[in-house]
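The chain contents come next:
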Amino acid sequence: MVGAGTMGNGIAHVFAQAGWDTALVDVAPDALSRALKTIQANIERLVKKGAGSKEQGAETLGRIRTSTSLDAVKDAAFVVEAASEDAQIKLTLFRELDRAAPPGAILASNTSSISITALAAATKRPAQVIGMHFMNPVPVMQLVEVIRGVETAEETTRRTVEIAKALGKTPVEVSDSPGFVSNRVLMPMINEAIFCVMDGVATPEAVDTVMRLGMGHPLGPLALADLIGLDTCLAILEVLHHDLGDDKYRPAPLLRKLVAAGRLGRKSGQGFYGYRD
Ligand SMILES: NC(=O)c1ccc[n+]([C@@H]2O[C@H](COP(=O)([O-])OP(=O)(O)OC[C@H]3O[C@@H](n4cnc5c(N)ncnc54)[C@H](O)[C@@H]3O)[C@@H](O)[C@H]2O)c1
């Protein structure tokens, strides 16, 4: 598991829970210690809810080791990349992972919007590169979007679907296209909600209440944007805007402003709402 942020800790958790020995890698040591703390807290919550025993929780945690070096993937059968949503970071990582992982290993990306075909082309094993897009929070959400790049082999897709099912998830196969299905539909809604706040149509609380009570969404779009991370939302919208070439994906200036101010949502303690306590 490469990248130990919002998504990486959840993905490591579900793999370890399903019995996989899991190496969690990040360039930032503090991201690794935060990830372990989050996984531990999530396991404790599950035990309290009766979804597993204390012993099972300890076994799950015991299967996760952390590292700041990609050497940790040298014996991996399956690698999931969930580093920051930045094409340059991911292209470099896929080049390095191709060298570091054994020849038979599948390299999966949890990217929300970046081309799987382009990531595959950075490696010498494009047939074994695939998108495996988990939803946040990973231990709770059912869906995994499985994205086939142009060169992805049938066997790679079959194996990824099988693994997603073994993790207790429901995989849905889609083809490679900016934002796939999930973010091509979700991000324009979040962006429009931000425009509503920016244009003074309503407060964040009012926008979210309309969408929760009026449309039956469990979380309003602005609370969801805070959960995803406003920097990640902006990065996804940039890809949709650039790659599809349609101004309907133009990121709201208020989103840019909040990201520039370091208000990234839950992970920074402040986004459209405050989370410091
Ligand atoms: N946040 C969400 O709700 C969500 C949902 C689905 C998919 N995703 C995708 O998952 C990926 C990760 O998103 P996130 O929200 O966890 O981001 P995040 O900002 O919380 O974490 C990213 C982590 O990647 C690490 N990182 C950066 N460069 C690295 C490198 N070269 N090697 C190893 N680690 C590196 C950072 O130190 C950080 O800990 C992105 O591609 C994002 O689009 C996010």
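Everything below is about the structure printed above this text.
In short, a report on the structure. Not measured: the values here are computed from a predicted model.

**Here's the deal with the packing of aromatic side chains**
Inspection of every chain in the model, using the stated rule, returns four aromatic pairs. A ring pair is formed by Phe 15 and Trp 20, whose centres lie 5.4 Å apart and whose planes are at 85°; its orientation type is edge-to-face. Grouping aromatic residues by their ring pairs yields a cluster made of Phe 15, Trp 20, Phe 78 and Phe 134.

**Considering helix α1 (residues 6-17)**
Counted at 1.5 Å a residue, the expected span for α1 with its twelve residues is 16 Å, and the 18 Å between its end C-alpha atoms agrees. With ten of twelve residues buried, α1 lies mostly within the body of the structure. For α1, the full list of buried residues reads Met 7, Gly 8, Asn 9, Gly 10, Ile 11, Ala 12, His 13, Val 14, Phe 15 and Ala 16. Positive phi shows up at Gly 19, right after α1, with a value of about 100°.

**Some details on the site of the ligand**
What surrounds the ligand is a group of 25 residues, the closest being Asp 26, Glu 85, Lys 90, Ser 112 and Ile 228. Separating an oxygen atom of the ligand from a backbone N or O atom of Ala 83 is a distance of 3.4 Å. At 3.1 Å, a side-chain N or O of Asn 136 approaches an oxygen atom of the ligand. About the coverage of the ligand: the protein hides 87% of its 830 Å² of free accessible area. Contributing elements (two or more residues each) for the shell around the ligand: α1, α4 (87-100) and β5 (129-134). Class assignment for the residues of the shell around the ligand results in eleven nonpolar, ten polar and four charged.

**Topic: the sheet that holds strand β6 (residues 143-148)**
As summarised here, the arrangement of the five strands in space is β3-β4-β5-β6-β7, forming an open sheet in which the pairing is mixed. Each end of this open sheet is capped by a strand with a single partner; those strands are β3 (78-81) and β7 (170-175). When strand polarity is set aside, the average angle formed by the axes of neighbouring strands in this sheet is 30°. One ladder, built from six bridges, connects β6 with β7; its direction is parallel. Within β7, the residue paired with Leu 143 across the bridge is Thr 170. The sheet contacts of α1 involve β3 and β5, and relative to β5 the element is tilted by about 100°.

**Observations regarding helix α10 (residues 230-244)**
A rise of 1.5 Å per residue sets the reference length of α10, with its 15 residues, at 21 Å; its end C-alpha atoms lie 21 Å apart and thus fit the reference within 8%. Turning to α10, its buried residues are Leu 230, Thr 232, Cys 233, Leu 234, Ala 235, Ile 236, Leu 237, Val 239 and Leu 240. Elements in contact with the buried residues of α10: α7 (182-198), α9 (221-228) and α11 (253-260). Where α10 ends, the next residue or the one after it, Gly 245, has phi of about 65°, a positive value.

**Points about the pattern of salt bridges**
Under the defined criterion, the tally for this structure stands at twelve salt bridges. For Arg 159, the salt bridge is made with Glu 162, and the minimal N-O distance between the two is 2.5 Å. Of this pair, Arg 159 and Glu 162 both sit in helix α6 (residues 154-166), three residues apart, which is roughly one turn of that helix. Asp 231 is paired through a salt bridge with Lys 267; the nearest N and O atoms lie 3.0 Å apart. Separated by 36 residues along the polypeptide, Asp 231 in helix α10 and Lys 267 in the segment after α11 bring together distant segments of the chain. On the accessibility criterion, Asp 231 (27% relative accessible area) is partly exposed. Residue Lys 267 is classed as partly exposed on the basis of its relative accessible area, which comes to 46%. When salt bridges with common partners are traced through the structure, they connect Glu 155, Arg 158, Arg 159 and Glu 162 into a single cluster.

Criteria and thresholds
Residues numbered from 1 in each chain as written. Predicted model: local features only at pLDDT ≥ 70, side-chain atom pairs only at ≥ 80, totals over all residues. Heavy atoms only, no water. Phe/Tyr/Trp six-rings, centres within 6.5 Å; stacked < 30°, edge-to-face > 60°. Helix = DSSP H or I, 4+ residues; strand = E, 2+ residues; numbered from the N terminus. Expected span 1.5 Å × (residues − 1). Buried < 20%, exposed > 50% of the residue type's maximum accessible area, 1.4 Å probe, protein only. Near = heavy atom within 4 Å. Polar contact = N/O pair within 3.5 Å; in protein donor to acceptor, adjacent residues only side chain to side chain. Areas by Shrake-Rupley, 256 points an atom, 1.4 Å probe, with all protein chains shown as cover. Nonpolar A, V, L, I, M, F, W, Y, C, P; charged D, E, K, R; others polar. Pairing = 2+ DSSP bridges. Axes fitted to C-alpha atoms, helices over the stretch in contact; angles between N-to-C directions. Contact = heavy atoms within 4.5 Å. Salt bridge = Lys/Arg side-chain N within 4 Å of Asp/Glu carboxyl O.

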